[in-house]
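# Examining the three-dimensional arrangement
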Amino acid sequence: MRIAVLGLGAVGKGVLRVLGEKPELGLVLTGVADSTSAWIDPAGIDPQTVLDRKCETNRCGSEGRSAADILDSGAYDVLVEVTPTNAATGEPALTHIRRALGTGHHVVTSNKGPLAAAHTELEELAREQGVALRYEATVGGAIPVIHAITRGLIGNKFHSITGVLNGTCNYILTRMDDEGLTYEQALAEARQLGYAEADPTYDVRGIDAAIKLVILANTCWNLGVTLDDVSITGIDGLTVDALRLAADQDCTIRLIGEASPERGLLRVAPRVLPRSHPLVIEGTLNAVMLSTDLAGEVTLMGRGAGSIETASAIIGDLLSIRDRFVECR
Amino acid sequence: MTNNEGLSSASFKVSGEVVSVHVSMKLEIKDSPGQLVAALTPISEYGGNIIAVIHQREPETSSDTLGVQIVLEIEHERLDTLVATLKRQGVNILRLGEERMLHRQSVIMIGHLIHTDIGDTIDRIDRTGFAEVAELNVQMPGISEPSTALITIKATTRSEMDRALDLLRSVATEKGLLIVEPLEEAER
Ligand SMILES: NC(=O)c1ccc[n+]([C@@H]2O[C@H](COP(=O)([O-])OP(=O)(O)OC[C@H]3O[C@@H](n4cnc5c(N)ncnc54)[C@H](OP(=O)(O)O)[C@@H]3O)[C@@H](O)[C@H]2O)c1
């Protein structure tokens, strides 16, 4: 199966590393682009050569070529869209994904932007074209929560989804709780360790978690909710005293996303939880609890970000597309 | 606002809410030193909160016993055990009065609590007539920094608790305070 990768940052590099290290998966790289260059070869490109070139020149391919040329070439079966997130417009990913789906290609993405902006439209386009749109890596990093919802638990009715969806916030709260650090100290530490962006607004104000909650909710219930429907409170107003007061009751505070159409709930907010609660996890981990009619409660926990971890989710999507569509062609 | 000394009524457990009962019981105890204390001890041992102890020397009771009316609050689940223990200790329970359920829920409130008139915040809940602030624990770090409080609300029914919390949320929004609520366990 032929793969084109748009974006060669942490995630794109992780995907190329796996393609290089596991040729037995049968995934052949035929196109790759970053913001200033592209490389297309229908006969196949060696992933390691691309990584080396990117490392040396900061370009993965030839100047003057771009993502658009790869899309025009049509020399791929599945597009892997891993450019930066823009939650407002979804661009440039939205254009890339529309183009690929519209010309009958499968798409796998880790980019929340286009899903936040146009999930329903993209799903419809994929259905019309008889191709797949997969986005396991957009929520919970390595955790296969979208697979759990759409495949493993497919016969269930979902009562609610509750989760720790942002590793940066979870790290900050863990440190405030364990070490009595102030919010500012814990944030500074998270930045130093590379767990928080230079501008952490999206994370600490709960917006990143809210976008992921919207993606999960639309996957579960297909109600077409958007970011505007989520009631959002971040963690930036929390005090050490708040964590201490919770600790006095053998509880702690975590940023929790909660969706339940039955209870009219779609919100992200810091919440008090008993320490023994399955969603009380440490550091940058993520977790999602699905409450269902048949399976009862199912909780998935794992690494919410990272180059190789996110690549794991993308590879899973690629192989499930191969099994479902490509082999039986 | 009532004072709940001796019993920390703050609670986030069990779907964020603990149901206790408000109950009055009339006991008959021997009129000799130490008997009243012996009868009251199990109540505190089971985490009950004694609100009032009223001595009654009624003409019909025999001269060597004493009637005592006790009003207390205790977790609903523990009431039966308490009654059994009292009986086992030879305390005669003449009457077990009306039970009134009490729902309790604690939330954390952060912001300029004092400058936004904490007294008024409490009053707004107490004035509803169906809910009251049972406990308040305010932590003040320093001038001009936001303070943090654990506020425990008491109400008779679940729906009254929900209404009280809605009211608290709207007061918080109006005053620019942050409320951190417990996560309810999913309905099973
Ligand atoms: N990092 C994680 O752990 C993680 C986890 C889950 C999801 N995600 C999501 O996955 C996506 C990629 O994340 P990342 O961490 O790899 O981001 P990143 O390190 O910022 O890399 C983004 C890449 O996209 C390239 N790019 C930008 N505009 C482009 C365009 N118009 N055409 C082609 N390529 C373009 C950039 O090119 P240059 O190299 O030339 O700048 C860069 O290589 C984001 O949407 C992110 O939210 C990331």
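Residues numbered from 1 in each chain as written. Chains lettered and ligands numbered in written order. Predicted model: local features only at pLDDT ≥ 70, side-chain atom pairs only at ≥ 80, totals over all residues. Heavy atoms only, no water.

## Quick look at helix α11 (residues 240-248) of chain A
Within the sequence span of α11(A), burial applies to V240(A), D241(A), A242(A), L243(A), L245(A) and A246(A). One or two positions beyond α11(A), positive phi appears at D250(A), with a value near 60 degrees. (Buried < 20%, exposed > 50% of the residue type's maximum accessible area, 1.4 Å probe, protein only. Helix = DSSP H or I, 4+ residues; strand = E, 2+ residues; numbered from the N terminus.)

## Remarks on helix α8 (residues 183-192) of chain A
Residue and element names in this part refer to chain A. Among the residues making up α8, those that are buried are Y183, A186, L187, E189 and A190. One side of α8 holds all its buried residues, which, seen down the axis, span an arc of 160 degrees. Exposed positions of α8 whose direction lies more than 90 degrees from the buried face are E184 and Q192. The inward-facing, buried residues of α8 contact α7 (167-179) and α9 (201-204). (Arc of directions from axis to C-beta. Contact = heavy atoms within 4.5 Å.)

## Some points on the confidence of the model for chain B
Regions with low pLDDT carry predicted coordinates that are not meant to be interpreted in detail. All names here are of chain B. In the predicted model, chain B carries a mean pLDDT of 83, and the fraction of residues at 70 or more is 84%. Across chain B, the element-wise mean pLDDT spans from 45 in helix α1 (residues 13-16) up to 96 in strand β7 (residues 178-182). Across residues 1-9, confidence stays below pLDDT 50; counting only partners more than four residues off in sequence or on other chains, it has 23 contacts. Across the predicted assembly, pTM comes out at 0.86 and ipTM at 0.85. (pLDDT = per-residue confidence, 0-100.)

## Remarks on the side chain of T310(A)
Positionally, T310(A) belongs in helix α12 (residues 307-326). In contact with T310(A), other than residues within four places in its own chain, are V11(A), S110(A), A137(A) and A305(A).

## Quick look at the interface of chain A and chain B
Contacts between the two partners involve 25 residues from chain A and, on the opposite side, 23 residues from chain B. Where chain A abuts chain B, roughly 1900 Å² becomes buried across the two surfaces, and 62% of that area is made up of carbon and sulfur atoms. When residues of chain A are sorted by the area they lose upon contact with chain B, L245(A), Q249(A) and V272(A) head the list and together hold 30% of the total. Counting every contact that joins chain A to chain B gives 1 salt bridge. Where R267(A) meets E181(B), a salt bridge forms, and the shortest distance between an N and an O atom there is 3.9 Å. (Buried area = accessible area lost by both parts, 1.4 Å probe. Salt bridge = Lys/Arg side-chain N within 4 Å of Asp/Glu carboxyl O.)

## As for the pattern of salt bridges
The tally for this structure, following the rule as stated, stands at 29 salt bridges over all chains. Among the salt bridges present, the one from E262(A) reaches K157(A), with a minimum N-O distance of 3.4 Å. Linking E262(A) in the loop between β10 (251-260) and β11 (265-274) with K157(A) in the loop between α6 (145-152) and β8 (158-164), this pair joins segments that are 105 residues apart in sequence. Across the pair D162(B) and R158(B) runs a salt bridge whose closest N-O atoms are separated by 3.9 Å.

## Remarks on the packing of aromatic side chains
In total, this model carries 1 aromatic pair over all chains according to the counting rule given. Plain terms: the ring middles of Y171(A) and Y195(A) are 4.9 Å apart, the flat faces sit at 65 degrees to each other, and that makes the pair edge-to-face. Residue Y171(A) is located in helix α7, and its partner Y195(A) is located in the loop between α8 and α9; the two are separated by 24 residues in the primary sequence. We note R53(A) situated over the ring of W39(A); from NZ or CZ to the ring centre the distance is 4.3 Å. Lying over the aromatic face of F130(B), R163(B) brings its terminal NZ or CZ to 4.1 Å of the ring centre. (Phe/Tyr/Trp six-rings, centres within 6.5 Å; stacked < 30°, edge-to-face > 60°. Lys NZ or Arg CZ within 6 Å of the ring centre and 35° of its normal.)

## Some remarks on the domain arrangement of chain A
Residue and element names in this part refer to chain A. Segmentation of chain A into domains returns domain 1 (2-141 + 308-324) and domain 2 (149-303). The straight-line distance from the C-alpha centre of domain 1 to that of domain 2 is 28 Å. Contacts between the two partners involve 14 residues from domain 1 and, on the opposite side, 13 residues from domain 2. Summed over both partners, the interface of domain 1 with domain 2 comes to about 1200 Å²; 64% of that surface belongs to carbon and sulfur atoms. For E309, the salt bridge identified is with R303, shortest N-O distance 3.1 Å. Where domain 1 meets domain 2, there are 2 residue pairs in polar contact (both at pLDDT 80 or more). Among the secondary structure elements, those contributing two or more residues to the side of domain 1 that touches domain 2 are α5 (112-129) and α12. In terms of residue count, the dominant contributor to the side of domain 1 that touches domain 2 is α5 (5 residues). A per-class count over the side of domain 1 that touches domain 2 returns 5 nonpolar, 6 polar and 3 charged. (Domains from an automatic or database assignment. Polar contact = N/O pair within 3.5 Å; in protein donor to acceptor, adjacent residues only side chain to side chain. Nonpolar A, V, L, I, M, F, W, Y, C, P; charged D, E, K, R; others polar.)

## A closer look at the domain arrangement of chain B
All names here are of chain B. Examined at the domain level, chain B breaks down into domain 1 (7-15 + 102-180) and domain 2 (21-100). For the pair domain 1 and domain 2, the two sides together bury roughly 500 Å², of which 50% comes from carbon and sulfur. One salt bridge in this structure joins E73 and K154, with 3.1 Å as the shortest N-O distance. On the surface where domain 1 and domain 2 come into contact, there are 2 residue pairs in polar contact (both at pLDDT 80 or more). Residue composition of the side of domain 1 that touches domain 2, grouped by class: 2 nonpolar, 1 polar and 3 charged.

## A look at the sheet that holds strand β3 (residues 37-40) of chain A
All names here are of chain A. The 7 strands are arranged β4-β3-β2-β1-β5-β6-β7 in an open sheet whose pairing can be described as mixed. Each edge of the open sheet is held by one strand with a lone partner, namely β4 (62-63) and β7 (133-134). Sheet topology note: the strand β1 (residues 2-6)/strand β5 (residues 78-81) ladder contains 4 bridges and is parallel. In the sheet register, A4 faces β5, and the bridge partner there is L79. Sheet contacts for helix α4 (residues 93-102): β1, β5, β6 (106-109) and β7; angle to β5, the most-contacted strand, approximately 170 degrees. (Pairing = 2+ DSSP bridges. Axes fitted to C-alpha atoms, helices over the stretch in contact; angles between N-to-C directions.)

## Digging into the site of the ligand
Residues and elements named next belong to chain A. By nearness alone, 23 residues border the ligand, and S35, K54, T85, S110 and G306 come closest of all. The contact in question runs from an oxygen atom of the ligand to an N or O atom on the backbone of G9, over 3.1 Å. Within the backbone of V11, an N or O atom sits 2.8 Å from an oxygen atom of the ligand. Surface burial for the ligand is 73%, taken as the share of its 900 Å² of free accessible area covered by protein chains. Within the shell around the ligand, the residues separate by chemical class into 10 nonpolar, 10 polar and 3 charged. (Near = heavy atom within 4 Å. Areas by Shrake-Rupley, 256 points an atom, 1.4 Å probe, with all protein chains shown as cover.)

## Regarding the environment of I172(A)
All names here are of chain A. Counting through the fold element by element, I172 comes out in helix α7. C-alpha separation for the pair I172 and D77, spaced 95 residues apart in sequence, amounts to 41 Å. Setting aside residues no more than four positions away along its own chain, I172 makes contact with Y183, A186, L187, A190, V204 and I235.

## Details of the pairing of β11(A)
Within β11(A), 8 of the 10 residues are buried, which leaves it mostly tucked inside the rest of the structure. As paired elements, strand β9 (residues 231-232) of chain A and β11(A) share 2 bridges and run parallel to each other. From the neighbouring strand, S231(A) faces β11(A), where its bridge partner is R267(A). Bridge analysis of β10(A) against β11(A) gives 10 bridges, and the strand direction is antiparallel. The partner of C251(A) across the bridge, within β11(A), is P274(A). From the end of β10(A) to the start of β11(A), which pair antiparallel, there are 4 residues, and G264(A) there has a positive phi angle of about 60 degrees. Relative to β7(B), β11(A) runs parallel, the two sharing 2 bridges. Paired with R271(A) across the bridge in β7(B) is E181(B).

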